Protein chains: 2
Amino acid sequence: MAEKWVYLFGGGTAEGSAEMRDLLGGKGANLAEMARLGLPVPPGMTITTEVCAYFSRTGGKYPDGLEEQVAAGMARLEELMGKKFGDPENPLLVSVRSGARVSMPGMMDTVLNLGLNDQTVEGLAKVSGDRRFAFDAYRRFVAMYGDVVLGMKPLTKTERDPFEVLLEKKKEERQVADDTELSAEDLADLVKQFKALVLERTGKPFPEDPQEQLWGAIAAVFRSWDNPRAIEYRRMYHIPSEWGTAVNVQCMVFGNLGEDCATGVAFTRNPATGEPHIFGEYLVNAQGEDVVAGIRTPQPISVAQKDPAKPEQKALEEVMPELYRELLDVAHKLEQHYRDMQDLEFTIERKKLFLLQTRNGKRTGLAAIRIATDMVDEKLIDEKTAITRIEADAMEHLLAPIFSPDELRRAESEGKLLATGLPAGPGAATGKVVFHADDAKRLAAEGEDVILVRVETSPEDVGGMEAARGIVTARGGMTSHAALVARQRGKPCVVGAGALVIDYEAGEMRVGDRVVKAGEWISLDGTTGKVYVGRMEPYPSEVVEVLVRGTKKPEDSDIARRYIRVLEWADRFRRLGVRTNADTPEQSAEAVALGAEGIGLTRTEHMFFGGNRITSVRKMILADDEAGRKEALAELLPMQREDFAGIFRAMNGRPVTIRTLDPPLHEFLPHDEEGIAKLAAELGVPEEKLAAKVEQLAEANPMLGHRGCRLGLVYPEITAMQARAIFEAACDVAAEGVPVKPEVMIPLVAHREELARQRKIVEEVAGQVFAEKGRKVDYLVGTMIELPRAALTADRIAEVADFFSFGTNDLTQTTLGLSRDDAGKFLPFYIESGILDADPFQTLDIDGVGQLLRMGTEKGRQTRPDLKVGICGEHGGDPRSIAFAHEVGLDYVSCSPRRVPVARVAAAQAALADQK
Amino acid sequence: MAEKWVYLFGGGTAEGSAEMRDLLGGKGANLAEMARLGLPVPPGMTITTEVCAYFSRTGGKYPDGLEEQVAAGMARLEELMGKKFGDPENPLLVSVRSGARVSMPGMMDTVLNLGLNDQTVEGLAKVSGDRRFAFDAYRRFVAMYGDVVLGMKPLTKTERDPFEVLLEKKKEERQVADDTELSAEDLADLVKQFKALVLERTGKPFPEDPQEQLWGAIAAVFRSWDNPRAIEYRRMYHIPSEWGTAVNVQCMVFGNLGEDCATGVAFTRNPATGEPHIFGEYLVNAQGEDVVAGIRTPQPISVAQKDPAKPEQKALEEVMPELYRELLDVAHKLEQHYRDMQDLEFTIERKKLFLLQTRNGKRTGLAAIRIATDMVDEKLIDEKTAITRIEADAMEHLLAPIFSPDELRRAESEGKLLATGLPAGPGAATGKVVFHADDAKRLAAEGEDVILVRVETSPEDVGGMEAARGIVTARGGMTSHAALVARQRGKPCVVGAGALVIDYEAGEMRVGDRVVKAGEWISLDGTTGKVYVGRMEPYPSEVVEVLVRGTKKPEDSDIARRYIRVLEWADRFRRLGVRTNADTPEQSAEAVALGAEGIGLTRTEHMFFGGNRITSVRKMILADDEAGRKEALAELLPMQREDFAGIFRAMNGRPVTIRTLDPPLHEFLPHDEEGIAKLAAELGVPEEKLAAKVEQLAEANPMLGHRGCRLGLVYPEITAMQARAIFEAACDVAAEGVPVKPEVMIPLVAHREELARQRKIVEEVAGQVFAEKGRKVDYLVGTMIELPRAALTADRIAEVADFFSFGTNDLTQTTLGLSRDDAGKFLPFYIESGILDADPFQTLDIDGVGQLLRMGTEKGRQTRPDLKVGICGEHGGDPRSIAFAHEVGLDYVSCSPRRVPVARVAAAQAALADQK
């Protein structure tokens, strides 16, 4: 006996089930499952993925027994439907669709209305009582078949779909605007023209034989598995070519046979808010594609869903109340069965409801949290499952202020969209345009709301960015300076809005003819990357009001209560620790409120820009000798000490990892003539001398230059000052009764010896301070692993390190030889054209950088099994990267304060995936 | 019975031998060996390295039996010398010296004249008949003992040796200039002062007991093994601390007891020229340190060695003819025994010759080649041994023009030394100073010899560098642009001569008050890094005249014949292939003449600067669209084709690896206002547009920017043009009957997909060209492995690569996060302070980058076992790196033409080391 290649479904039963996704594909498995549940599914059959594999392996052959099993299946469909395939009187029509194990959008070829020919179309006309309908179905079939099966694509890039061209010509002839205005005769003529075109292009007549049509469509779907587009897609998403696609052959049902017909889509719960009520759209007397095409306006499914401002709306609940109730029933059954919110497609053919598809529905972050918590309360799912249902990124989106959807819609319809860039910092903001950080600080101090707009930002702009409500840049990517600072500060931010032409001198920016001057209002939505002219009112996140600001109580916010619950569950399941990257007491406090268990990275250089500290920093840089440097460092000492003390207090005993000075010194100096002149005057040094120093410090590749521990080695007094500030602060705060746990982190180590020498300085200073203060505090000394050599020689480095923290930003730059600041010139092209799957600065390059992470961790722990290992690059807040961090066995991830909830959820998801 | 800790030598026999170096140290083993050979060695004993290990392990204890064995040894020495240790009448004096398995210069502590005290000094005076001699020996002993054993170092950095201070004071008192003018009484008084100082500083009187002195000295030597200086030295040279040092206690002999005494050093062959005659210096009535101290002028050993211009010289051969013959005999015996040129120390005490040391002698490259070939002819050594005797770098030094040693001495004595930098390109050159590449080209075209002096060079200067006789830069390291180009072009070059203050506007350079103007003559020695004012005549290398230029016949040059012989031997033994990095037919021809078996790297961008090509290149860069770029590329096509054709002809069937465009496009544009204005006028484009383009292309980190294959991916037409030029040239040259073997190399690949796409373009173009030309040529497509990610994912990349070539320059930059252009600010400090052993841009960082090399090779060959793998960075010409390349199993190394002979010898040495 031949193997089983074909699985039937329909008539209240099915040979397959939802579990058989590998064999039947996602679509086929769900159709079978619905049939099993007794739901009204048009009968059909699924040809398995194994047939695809055979077909692919043998260069287009079918296994023994397939033909017979398909024939038997068709006979069964004929029996169930009381129609016959190819019957000129009452023809059975089928659809043929692909359906792989995982959804592969854009690869899915579909042929509808298969079985029509010059004879059967007459039967369809008769049975339906609608000749126009029949010929409309016929011309659609011929065009689809021509495209999908016969490969009649446009011949050149500029040519349009050849069938579409004929249709347009016909509408011109008839002087009508809409397809629906063409008559049955027009359509019959079009079918003739289509067939003539097929003959001309392929050299063969269009196949009239339904059997030939059927096998042609099946072969086309199987062949499509190995077309270049599909191969490319599989490569990108790591889908094995052995998987293959299934083919679903299903009886056609029609929603366009009259006023007692309809077609629609529905979610079992509201996908925007998560409210537990059906939500969707439908059209009377229409086909599926009409709902999305936008020619007619779809109507709401339920009465509750109606817009009070639109009394003309007619809900399905009103028009076909019985069918509505039937749909509700189906929705409930499916949710109970799949234990998740479902996204359905249905068709009503002459008062009979048919389900064409069900799948788990996509939803907003807000809805995901609501649905997950509701379903736990409904005992549909357990808490572990609930956690896996929430996209971790949603946890950050819920912290951002937002514009109301209505306001956004209005702004767009009024043409207020100015430019679109990358959504670098989520949230909404509105304010007056300023082009300089100083202006931002000044106006903000006067109580103005301002948006800082720059070509790109630099560390000198940080004060202005802090003062602004939001930030817009014309250049830069998701990990540009502006983006990094914005996310860390929780500022709405749009970067790389390339359409903006910014003219600092004129104090204006332009997009085409439109000019926005400094002082005019703009609004930006950092969640979508859009910038609008005019003032729009954002309203704050309830979660922030409750968790961070304490301006609202949990009992007054449903969403905040749910948010807290989700985080509590996440904490129960995760293994990875979650820390934060924070440079101030305020950021530290916010991160703690959001659940941070420590600081993974404090960048001391960010403190160098505050107030008039920069003057002391510059004095140090310009000093001619060690004595001069020490004098300037002595000015910085009390300020750094105060910074650290504030952070220690805010963290209240949680570990605080402080990185010693990292950036090259020239970053602290002005580079333009004007700035140099100003600074020279300020410091009372000759302009030429200052210019010479700036020139001398300039670097061809600052990223690979004199920075990180290389500074602390050449100028050990800098490390010593910072260590002193850390330990004095630690002792002082400990004396207040607040526990402290400092961890000193040395950046950019490539050789064991570098760390050994810096460690020695830190230990010496610690000893001195403890003796002076008569008090000891426990501390660790460790290093960033951010150069390939550090990971490669981690066994040696671990000899002198108490902990490692992977600086994945720089590790990515060096491993890939890719400057974050410059990659904007080609990285977008790389991603668009599929050379790369993702931006390696957002999602860890697991195949490359990931190897070094694994190697560094393993080698480090070979030497020191208790070595604490974390990650503190941007990737520390990226869910895919967090999953990898979990897999490699890191101790913690560290991310910006607002991503702490994301990391908690992602860490839990990684742990749960691990349990499976 | 206790273990044997002490090995005696002397009296025509020895307990140890040269084989026992591990146990007795190098010095002890050779002393034993000489004694065995019956050579006149002052008797002595060696305390083994095992005692050192015991001493070190137990914190300063000695093993059982040592004391007895030392006592027995001293008794034997007394017996042999007929003197007694501590005997006031006829005292035995000894020296105590360290001596490890390998030479550790600077760590070697020595105490001479041990055994002297207030009694024995009188005995010595009596026996020697020279009271002044006796007290001079005594004061030297007290000072040495105070320093080495009692640790009486200067107390502060500025303080001088405290004993030296007293000596100076005494000389002032006596109003004499020279130590030798002090009387016995003066010296006796000094001994008292020294002892008083010892008491004051150490709180203890100076030990008068010779036994106490002896054990004090032995302990001091053992202790010195674990002093910080020695630990640091061992760490740097990877010497295990378990090895320990031996201690040699040897009877003193004196060369300063009268006119029948002498002391000297001698080489068994001339260490400068290799001539097979004894060569050395000696002084009558002197101590060893007097020969080196330079107070008296040493005399030549042989009559042949005398300077005809100095009739006052008196050779040992004349003064003590019998002892000279005895010395000749000893030298011959040692050479026959050690089968290598020896470096001896001897003392003649009252007409009796003593050997104090022998070791293999250091020699110049020239001498090494002469000695090695002579010794093969003398059947002293075989050819394999001969190869190991030549420092591979010497093969390059012999290609350089040189100044005569006399001329150099004269120039230095006349104060003509202007500045010293790094020896970046070996050889001598003289010419008129020019500060601009254009001037260099113009004046050279007029027949002038010029030296190009720049702060640093850039690709735009290459034409001027080519035209100049030599190059000097004020900035930059051994792998700066100037250094790389100079070595590839075989130009003498000094870089990083920091003392030079170059003023382009004034057309002059200054060092302090000395000013050198454009047009004045300077001379430079690129082998030593020195720059002189004035004109000095270099004379050309005979090897180049014979091998490269053919201006001299082999039969007219002894050294060229020997050079060729050595290379022939090397080729017999090596496994690694040797290719060259060459960009022109001339360089290719030179490399072939020097033995290159192919080209490992042709940098196509170097061709972009020639003639008016740069104009077409700039047109391409400034084009607004693909069509504009293609037009400009079409102009470049015939020029590139001609370049490649010339190289194919020169290489005559050897493989030619051509790298597609690598540097970022902004390197081809001017960056200063003036240059931009000039170019804008030239191209007829608005200055603002050009400035904007320059600004737009600017990069924060060009090293990690839009370069390498990233250019060819975004602008596939560039790769296509280059591929077309390569294949058209290949077909044309093949049509001439010259075999061709092109290998297309894609740079800066990090992802398999990058190479796959570039490969596709190359293959498509190849197919087109072959069809057009009606002719096919075999070719390969491969990639540089120069990013860590490429090495980490080499298994994937090898799927689409026919070969790998490690670009170790860039791989070092990215793996270490170290910009070659910027490292000058801290790398010298790193090397000086021992953080790094060597400049990683000169010698491969085996612990870090080496791991990636090994990984890349292994992973690549996992996928494709026949993958050809080479190395084409600067390291391809570095002997230590070549040894590693051999170890990893690479197929070839590629280096600049003049280093091809170096690589051939180094590859042979690696293979021979492997056989052991």
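Conventions and cut-offs
- Residues numbered from 1 in each chain as written.
- Chains lettered and ligands numbered in written order.
- Predicted model: local features only at pLDDT ≥ 70, side-chain atom pairs only at ≥ 80, totals over all residues.
- Heavy atoms only, no water.
- Helix = DSSP H or I, 4+ residues; strand = E, 2+ residues; numbered from the N terminus.
- Rg over C-alpha atoms; globule rule 2.2 N^0.38 Å.
- Buried < 20%, exposed > 50% of the residue type's maximum accessible area, 1.4 Å probe, protein only.
- Contact = heavy atoms within 4.5 Å.
- Buried area = accessible area lost by both parts, 1.4 Å probe.
- Salt bridge = Lys/Arg side-chain N within 4 Å of Asp/Glu carboxyl O.
- Least-squares fit on C-alpha atoms with pLDDT ≥ 70 in both.
- Phe/Tyr/Trp six-rings, centres within 6.5 Å; stacked < 30°, edge-to-face > 60°.
- Lys NZ or Arg CZ within 6 Å of the ring centre and 35° of its normal.
- Pairing = 2+ DSSP bridges.
- Axes fitted to C-alpha atoms, helices over the stretch in contact; angles between N-to-C directions.
- Patch = residues over 30% accessible without salt bridge, like charges linked within 9 Å, V, L, I, M, F, W, Y side chains within 5 Å.
- Areas by Shrake-Rupley, 256 points an atom, 1.4 Å probe, with all protein chains shown as cover.
- Lys, Arg positive; Asp, Glu negative; His and termini not counted.
- Charge placed at Lys NZ, Arg CZ, Asp CG, Glu CD.
- Parallel < 35°, antiparallel > 145°, perpendicular 65-115°, else oblique.
- Left-handed = near helix turned anticlockwise from the far one by under 90°.
- Nonpolar A, V, L, I, M, F, W, Y, C, P; charged D, E, K, R; others polar.
- Polar contact = N/O pair within 3.5 Å; in protein donor to acceptor, adjacent residues only side chain to side chain.
- Expected span 1.5 Å × (residues − 1).

## Quick word on the overall build of chain A
Here is step 1: A tally of helices and strands in chain A yields 37 helices and 32 strands.
Here is step 2: Relative to a compact globule of 916 residues, whose C-alpha radius of gyration would be 29 Å, chain A shows 33 Å and is just as compact.
Here is step 3: Reported as C-alpha extents along the three principal axes, the dimensions of chain A are approximately 105 × 65 × 60 Å.
Here is step 4: The buried share among the 916 residues of chain A stands at 58%.
Here is step 5: For chain A, contacts bridging at least 24 residues in sequence account for 67% of all contacts bridging at least 6.

## Thoughts on the interface of chain A and chain B
Here is step 1: Across the contact, 53 residues belong to chain A and 53 residues belong to chain B.
Here is step 2: Both sides of the chain A and chain B interface together cover about 4,400 Å² of buried area, and 56% of this is carbon and sulfur.
Here is step 3: Where chain A packs against chain B, one counts two salt bridges.
Here is step 4: One salt bridge connects Asp845(A) with Arg789(B), and the closest N-O pair in it is separated by 2.7 Å.

## Examining the environment of Phe841(B)
Here is step 1: Its place among the elements puts Phe841(B) in the loop between helix H34 (827–832) and helix H35 (849–863).
Here is step 2: It is 48 Å that separates the C-alpha atoms of Phe841(B) and Arg201(B), two residues lying 640 residues apart in sequence.

## Structural notes on unusual backbone geometry
All names here are of chain A.
Here is step 1: Backbone geometry at Lys379 places phi at a positive 60°, although glycine is not the residue there.
Here is step 2: Topologically, Lys379 is positioned in the loop between helix H13 (365–377) and helix H14 (383–388).
Here is step 3: The exposed category is assigned to Lys379, whose relative accessible area is 69%.

## Quick word on the relation of the copies chain A and chain B
Here is step 1: Expressed as a screw operation, the relation of chain A to chain B combines 0.2 Å of axial shift with a rotation of 179°, fitting to an RMSD of 0.3 Å. The transformation relating the two chain copies, once decomposed into turn and shift, fits a two-fold axis. Taking C-alpha positions as the reference, the residue of chain A nearest the rotation axis is Asn701(A), at 2.1 Å.
Here is step 2: When the interface residues of chain A are mapped onto chain B, 100% of them again fall at the interface, so both copies present the same face.

## Overview of the packing of aromatic side chains
Here is step 1: Within the structure shown, the criterion is met by 34 aromatic pairs over all chains.
Here is step 2: Pairing Phe55(B) with Tyr62(B) gives two aromatic rings, centres 5.4 Å apart and planes at 40°, and the pair type is tilted.
Here is step 3: Tyr62(B) gets classed as partly exposed once you look at its relative accessible area, which sits at 26%.
Here is step 4: Connected via pairs of aromatic rings, a cluster forms that spans Phe55(A), Tyr62(A), Trp215(A) and Phe222(A).
Here is step 5: Cation over ring: Lys352(A) sits above Phe354(A), and NZ or CZ is 4.8 Å from the ring centre.
Here is step 6: The ring centre of Tyr892(A) lies 4.1 Å from the NZ or CZ of Arg579(A), which sits over that ring.

## Brief notes about the sheet that holds strand E3 (residues 44–47) of chain B
Residue and element names in this part refer to chain B.
Here is step 1: Read from one edge of the open sheet, six strands run E2-E1-E3-E8-E6-E7, paired in antiparallel fashion. At either margin of the open sheet sits one strand with a lone partner, and together these are strand E2 (13–14) and strand E7 (110–114).
Here is step 2: Note that strand E1 (residues 6–10) and E3 share four bridges and pair antiparallel. Considered in E3, the bridge of Val6 is made with Ile47.
Here is step 3: In this fold helix H1 (residues 21–36) packs onto E1, E2, E3, strand E6 (94–100) and strand E8 (245–251), with an angle of close to 120° to the strand it touches most, E6.

## Details of the sheet that holds strand E9 (residues 262–267) of chain B
All names here are of chain B.
Here is step 1: Taken in spatial order, the five strands of this open sheet run E11-E10-E9-E12-E13, and their pairing is antiparallel. At either end of the open sheet lies a strand with only one pairing partner, and these are strand E11 (299–300) and strand E13 (352–360).
Here is step 2: Across six bridges, the pairing between E9 and strand E10 (residues 279–284) is antiparallel. For Ala266, the partnering residue across the bridge sits in E10 and is Gly280.
Here is step 3: The strands touched by helix H12 (residues 321–338) within the sheet are strand E12 (342–349) and E13, with E13 carrying the most contacts at an inclination of about 30°.

## What to know about helix H4 (residues 120–128) of chain A
All names here are of chain A.
Here is step 1: Turning to H4, its buried residues number three or more, namely Thr120, Val121, Gly123, Leu124, Ala125 and Ser128.
Here is step 2: Looking at the buried residues of H4, the elements they touch are strand E5 (91–92) and helix H5 (131–148).
Here is step 3: Positive backbone phi, at 70°, marks Gly129, one or two positions downstream of H4.

## Concerning a negative patch on the surface
All names here are of chain A.
Here is step 1: A cluster of acidic residues, Asp672, Glu673, Glu674, Glu687 and Glu688, forms a negative patch at the surface.
Here is step 2: Contributing elements (two or more residues each) for the negative patch: helix H26 (673–683) and helix H27 (687–697).
Here is step 3: Along the chain, Glu673 turns up in helix H26.

## Topic: the pairing of strand E13 (residues 352–360) of chain A
Residue and element names in this part refer to chain A.
Here is step 1: Pairing geometry for strand E12 (residues 342–349) and E13, over eight bridges, is antiparallel. In the sheet register, Leu344 faces E13, and the bridge partner there is Thr358.
Here is step 2: Taking the residues that link successive antiparallel strands as the turn, the E12-E13 hairpin has two residues, and the phi of Arg350 there is positive, at about 45°.

## Here's the deal with the environment of Thr420(B)
Residue and element names in this part refer to chain B.
Here is step 1: Residue placement: Thr420 occurs in strand E14 (residues 417–420).
Here is step 2: When the C-alpha atoms of Thr420 and Arg759 are compared, they prove to be 47 Å apart, with 339 residues separating the residues in sequence.
Here is step 3: In contact with Thr420, not counting residues within four places along its chain, are Ala497, Gly529 and Lys530.

## Re the pairing of strand E27 (residues 656–659) of chain B
All names here are of chain B.
Here is step 1: Because side chains alternate across E27, one face comprises the buried residues Val656 and Ile658, and the other comprises Thr657 and Arg659, equally buried.
Here is step 2: For E27 and strand E28 (residues 742–746), the ladder comprises four bridges, and the chain directions are parallel. Each residue of the ladder has a partner; that of Val656, found in E28, is Pro742.

## A few points about the pattern of salt bridges
Residues and elements named next belong to chain B.
Here is step 1: Counting across every chain of the model gives 154 salt bridges over all chains.
Here is step 2: When the shortest N-O distance is used, the salt bridge between Asp558 and Arg561 registers 3.6 Å. Linking Asp558 with Arg561, this pair stays in helix H21 (residues 558–573), spanning three residues, or about one helical turn.
Here is step 3: The salt bridge involving Arg649 is made with Glu736; its shortest N-O contact spans 2.9 Å. Separated by 87 residues along the polypeptide, Arg649 in helix H25 (residues 626–651) and Glu736 in the loop between helix H29 (716–735) and E28 bring together distant segments of the chain.

## Here we look at the packing of helix H22 (residues 585–593) of chain A against helix H25 (residues 626–651) of chain A
All names here are of chain A.
Here is step 1: Running from N to C, H22 and H25 cross one another at 15°; their axes reach a closest spacing of 8 Å. Viewed along their axes, H22 and H25 adopt a mutual orientation that is roughly parallel. Regarding H22 and H25, the two cross each other, and that crossing is right-handed. Here Pro585, Ser588, Ala589 and Val592 of H22 lie close against H25, whose contacting residues are Gly646, Ile647, Ala650 and Met651.
Here is step 2: Across the contact of H22 with H25, the residue classes tally to six nonpolar, two polar and no charged.

## Description of the environment of Glu537(A)
Residue and element names in this part refer to chain A.
Here is step 1: Looking at the secondary structure, you find Glu537 in the loop between strand E24 (530–533) and helix H20 (542–549).
Here is step 2: Here Glu537 falls in the partly exposed class, since its relative accessible area comes to 44%.
Here is step 3: Separated by 14 residues in the primary sequence, Glu537 and Ser523 have C-alpha atoms spaced 8.5 Å apart.
Here is step 4: Residues in contact with Glu537, not counting those within four places in the same chain, are Ile402, Phe403, Glu407 and Thr430.
Here is step 5: Here the side chain of Glu537 touches Arg535 through a polar contact of 3.4 Å, side chain to side chain.

## Points about helix H6 (residues 162–174) of chain B
Each full turn of the α-helix corresponds to 3.6 residues, which orients residues three or four apart in the same direction.
Residue and element names in this part refer to chain B.
Here is step 1: Over its 13 residues, H6 runs 19 Å from end to end, which matches the ideal 18 Å to within 8%, given 1.5 Å per residue.
Here is step 2: Taken together, the buried positions of H6 are Pro162, Phe163, Leu166, Leu167, Lys170 and Lys171.
Here is step 3: On the buried face of H6, the contacting elements are helix H5 (131–148) and helix H7 (184–202).
Here is step 4: For H6, the N-terminal cap is Asp161; the gap from its side-chain oxygen to the backbone nitrogen of Phe163 is 2.8 Å.
Here is step 5: Two residues or fewer after H6 comes Gln175, characterised by a positive phi angle close to 55°.

## What about the side chain of Glu743(A)?
Residue and element names in this part refer to chain A.
Here is step 1: Looking at where Glu743 falls in the secondary structure, it is placed in strand E28 (residues 742–746).
Here is step 2: Here the side chain of Glu743 touches Arg579 through a polar contact of 3.0 Å, side chain to side chain.
Here is step 3: Only 2.9 Å separates the side chain of Glu743 from the side chain of Thr657, close enough to count as a polar contact.
Here is step 4: Among residues more than four places away in sequence, those in contact with Glu743 are Arg579, Pro655, Val656, Thr657, Ile658, Leu780, Phe803 and Lys868.

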